Amino acid sequence: MEVRTRFAPSPTGFMHLGGVRTALYNYLYAKKNHGKFILRIEDTDQERYVEGATDVIYDTLRACGMEWDEGPDKGGDYGPYVQSERKPLYLPYAKQLIEKGAAYYCFCTKEELDERRAAAEARGEVFKYDKHCLNLSKEEVQAKLEAGTPYVIRMNCPTTGESTYDDEVFGHLTFPNDTLDDMVLIKTDGMPTYNFANVIDDHLMGITHVMRGMEYLSSTPKYNMLYNAFGWEIPQYVHLTTVMRDAHHKLSKRDGDAYYSDFIDKGYLKEALINYLALVGWNPGDDREFFTMDELIEAFDIKRLNNAPGIFDTDKLTWFNAEYIRKLPFDEYLKMVTPWFDKALAGKQFDYKRLAELMQSRTEVFNRVPDMVRFLVEMPEYDLDLYNNKKMKTNPDVAKESLTLVKPVLEGIEDWSEANIHDTVMAAIAESGKKNGAVLWPLRIAISGLASTPGGAFEIAYLLGKEETLRRLNSSMEKLSKDA
RNA sequence: GGCCCCGUGGUCAAGAGGCCUAAGACAUCGCCCUUUCACGGCGGUAACUCGGGUUCGAAUCCCGACGGGGUCACCA
């Protein structure tokens, strides 16, 4: 039988990383088995409708390389793929259930239920719908319906015994039936609830493997009752663990670190994000860590899905990102880093190509770039203490001598190329008998004002240009004789 | 609180009774390379939640405790 998986997000306007991972596993499993990956939009909550939200879903999935085989914008043999467009479909199924005695009309209002729920909570009890409306006679129900009384349709759950099912990740699961609540299938507005639509659609769309977050673990017995009531085959369940921010919280929008776009905006590469995400809760069984999408497809195996929640480690993601950035073809890196250079260096002319060469191995996340290059346009205030470096055998006094030595040398350089600056200054140092570090360290400090910079004294002098280099050198020498 | 799930270093994890004196990666620390930093190379610190069983033998199986998470909506 052909494998058919689905990703069924509700359009909230953002793609949660946990959702991206769920989509990814669904995609990988389908592709691995030469099956179909279906995209279905679950928008049965009309109050939560967000303009443009489906585009966010499309764009994210496509950007990551998870092209779906069937979906709202693509069609397919099982459409429509947007639940709100499927609305007329659901009621007849609910009515079938009523005829079978597996569901019933309920006329209790939301307000009444809220009151009863509050009362139950006040008594320290768990609220469970008491099947009040199940006891209504056929005539009473008929009368209320004819009178146009608003209603919902509830599922009639057993209150005794237990339910079991098998999950590919969690194994054999057992739940006592007395904790099952008669969930609403059809809402007052005629829309199905997720709980209902999900079952109907998964069946109608021929979904063979349901991979979703483990928050559905305990409501799955109810879904199974629905499948059974209809006489439908129950799909394979693959419940995925939660992606956590730390041991106590899942990734949430409040941290500003939960959405795909948060990370892309910060300058994380989607390839790095996908690669890392795949590894939170899954592993290939060997020591491989780097995967292209095709390699993930090849390596993916449900059996290697973990059943303990995983913490999303930004440090590791950042490492992945830095690795991916280093592997970028230079031209691509240059293109990507340019806007980040612009952020700090706006207006001034620098040799971006050379700067990029120096920066590529030092870039972990693009949003850290501006702070790393800003010193080129604005000489930082710095402390004379920076001239103290034991290993370089330098201190403010040594620095003063070194800078005095190097200044006329720099002034005399006509061809301000990096190579020429290097050769000329190195020759002068050799002639003076000084140690390289004793000259080069102070020089770099004098023209950068920073303890660490992307590149050494020559690279920075070159980037700055002769005029600015000498200007900084002079001002640093002044500072040195004034304060030292 | 009821029910359910989970429990190997700070993090991701390998491990499916002897191969474990517990792999690998990130982070961290140290050394080397080097005109700084980064890259790269080498090395170190660091874990089976606890308590009972079962067994000749347990990180692996069972029970309990503890800890964490999930779920109890006309949200998905």
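The shown structure was predicted, so the numbers you read here are calculated from the model rather than taken from an experiment.

K.L.:
Would you mind going over the pairing of strand β2 (residues 36-39) in detail, with residue names and values included?
P.N.:
The sheet contact formed by strand β1 (residues 4-7) and β2 spans 4 bridges and is parallel. Bridged to R4 within β2 is K36. Handedness of the β1-helix α1 (residues 17-32)-β2 crossover: right-handed.

K.L.:
Go over the pairing of strand β4 (residues 152-155) with me, naming the residues and quoting the values.
P.N.:
Of the two faces of β4, both are covered, the one formed by V152 and R154 as well as the one formed by I153 and M155. In this structure, strand β3 (residues 103-106) lies alongside β4, joined through 4 bridges in antiparallel fashion. Bridge pairing in β4 places Y104 opposite R154. Two strands pair when backbone bridges link them, and β4 and strand β7 (residues 184-186) are joined in this way by 2 bridges, in the antiparallel orientation. Along β7, the bridge assignment pairs R154 with V184.

K.L.:
Explain the side chain of N389 residue by residue, including any values.
P.N.:
Topologically, N389 is positioned in the loop between α14 (369-373) and α15 (396-411). Assessed through its relative accessible area of 15%, N389 is described here as buried. Setting aside chain neighbours within four positions, we find N389 in contact with T394 and W441.

K.L.:
Give a description of helix α4 (residues 110-122) that names residues and reports values.
P.N.:
For α4, built from 13 residues, the straight-helix expectation of 18 Å at 1.5 Å per residue is met to within 8% by its first-to-last C-alpha distance of 18 Å. At the exit of α4 stands G124, carrying a positive phi of roughly 75°.

K.L.:
Account for the pattern of salt bridges, with residues named and values stated.
P.N.:
Evaluation of the coordinates by the stated rule reveals 29 salt bridges. Residue D201 pairs with R40 through a salt bridge whose shortest N-O separation is 4.0 Å. Of the two residues, D201 sits in helix α6 (residues 194-204) while R40 sits in the loop between β2 and α2 (53-63), which places them 161 residues apart along the sequence. Exposure remark for D201: the relative accessible area of 0% places this residue in the buried category. R40 gets classed as buried once you look at its relative accessible area, which sits at 0%. Several salt bridges converge on common partners, so that one network encompasses R6, R40, E42, R86, D201 and D202.

K.L.:
A description of unusual backbone geometry should follow, citing residues and the corresponding values.
P.N.:
Note the cis peptide between G79 and P80, where omega equals -5°. Along the polypeptide, P80 turns up in the loop between α2 and α3 (87-100). Phi at K131 takes a positive value of approximately 60°, unusual for a residue other than glycine. Tracing the chain through its elements places K131 in the loop between α4 and α5 (138-146).

K.L.:
Pulling in residues and values, what's your account of the packing of aromatic side chains?
P.N.:
What the rule picks out here adds up to 28 aromatic pairs. Ring geometry for Y105 versus Y151: centroids 5.1 Å apart, planes at 80°, classification edge-to-face. Of this pair, Y105 sits in strand β3 while Y151 is found in the loop between α5 and β4, placing the two residues 46 residues apart along the sequence. When its relative accessible area of 13% is taken as the criterion, Y105 is described as buried. Between Y194 and Y223, the ring centres sit 6.5 Å apart and the planes meet at 75°, which makes this aromatic pair edge-to-face. With a gap of 29 residues between them, Y194 in helix α6 and Y223 in helix α7 (residues 220-230) connect regions that are remote in the sequence. Exposure remark for Y223: the relative accessible area of 0% places this residue in the buried category.

K.L.:
Kindly report on empty space enclosed by the protein, identifying the contributing residues and their values.
P.N.:
Here the structure, examined in full by the defined rule, presents 1 cavity of 30 Å³ or more. One number sums up the size of the largest cavity: a volume of about 40 Å³. Every residue lining the largest cavity is listed: R21, Y25, V169, H239, L240, T241, G281, L305 and N306. Those elements that place two or more of their residues in the lining of the largest cavity are α1 and β9 (236-240). Among the residues forming the lining of the largest cavity, the class breakdown is 4 nonpolar, 4 polar and 1 charged. Split by domain, the residues of the lining of the largest cavity number at least three in each of domain 1 (4-81 + 244-314) and domain 2 (84-240).

K.L.:
Lay out the packing of helix α9 (residues 270-278) against helix α11 (residues 314-327) in plain terms, naming residues and giving numbers.
P.N.:
Relative orientation of the contacting elements α9 and α11 amounts to 135°, with a least axis distance of 9 Å. Between α9 and α11, the angle falls in the class oblique. Two packed elements cross with a definite hand, and for α9 against α11 that hand is right-handed. Within the contact between the two elements, α9 uses E271, A272, L273, N275 and Y276 and α11 uses K316, L317, F320, N321 and Y324. In terms of residue class, the contact of α9 with α11 is built from 6 nonpolar, 2 polar and 2 charged.

K.L.:
Explain the environment of D77 to me, and be specific about the residues and the numbers.
P.N.:
The topology assignment puts D77 in the loop between α2 and α3. Residue classification places D77 among the exposed residues on the basis of a relative accessible area of 73%. Spatially, the C-alpha atoms of D77 and M205 are 8.4 Å apart, while their sequence positions differ by 128 residues.

The rules behind each value
Residues numbered from 1 in each chain as written. Chains lettered and ligands numbered in written order. Predicted model: local features only at pLDDT ≥ 70, side-chain atom pairs only at ≥ 80, totals over all residues. Heavy atoms only, no water. Pairing = 2+ DSSP bridges. Helix = DSSP H or I, 4+ residues; strand = E, 2+ residues; numbered from the N terminus. Right-handed = clockwise from strand over helix to strand, strands pointing away. Buried < 20%, exposed > 50% of the residue type's maximum accessible area, 1.4 Å probe, protein only. Contact = heavy atoms within 4.5 Å. Expected span 1.5 Å × (residues − 1). Salt bridge = Lys/Arg side-chain N within 4 Å of Asp/Glu carboxyl O. Phe/Tyr/Trp six-rings, centres within 6.5 Å; stacked < 30°, edge-to-face > 60°. 1 Å grid on protein atoms, 1.4 Å probe; cavity = no way out; pocket = protein on both sides within 12 Å on 5 of 7 lines; lining within 4 Å. Points joined across faces, edges and corners; volume = space filled by probe spheres on them. Nonpolar A, V, L, I, M, F, W, Y, C, P; charged D, E, K, R; others polar. Domains from an automatic or database assignment. Axes fitted to C-alpha atoms, helices over the stretch in contact; angles between N-to-C directions. Parallel < 35°, antiparallel > 145°, perpendicular 65-115°, else oblique. Left-handed = near helix turned anticlockwise from the far one by under 90°.

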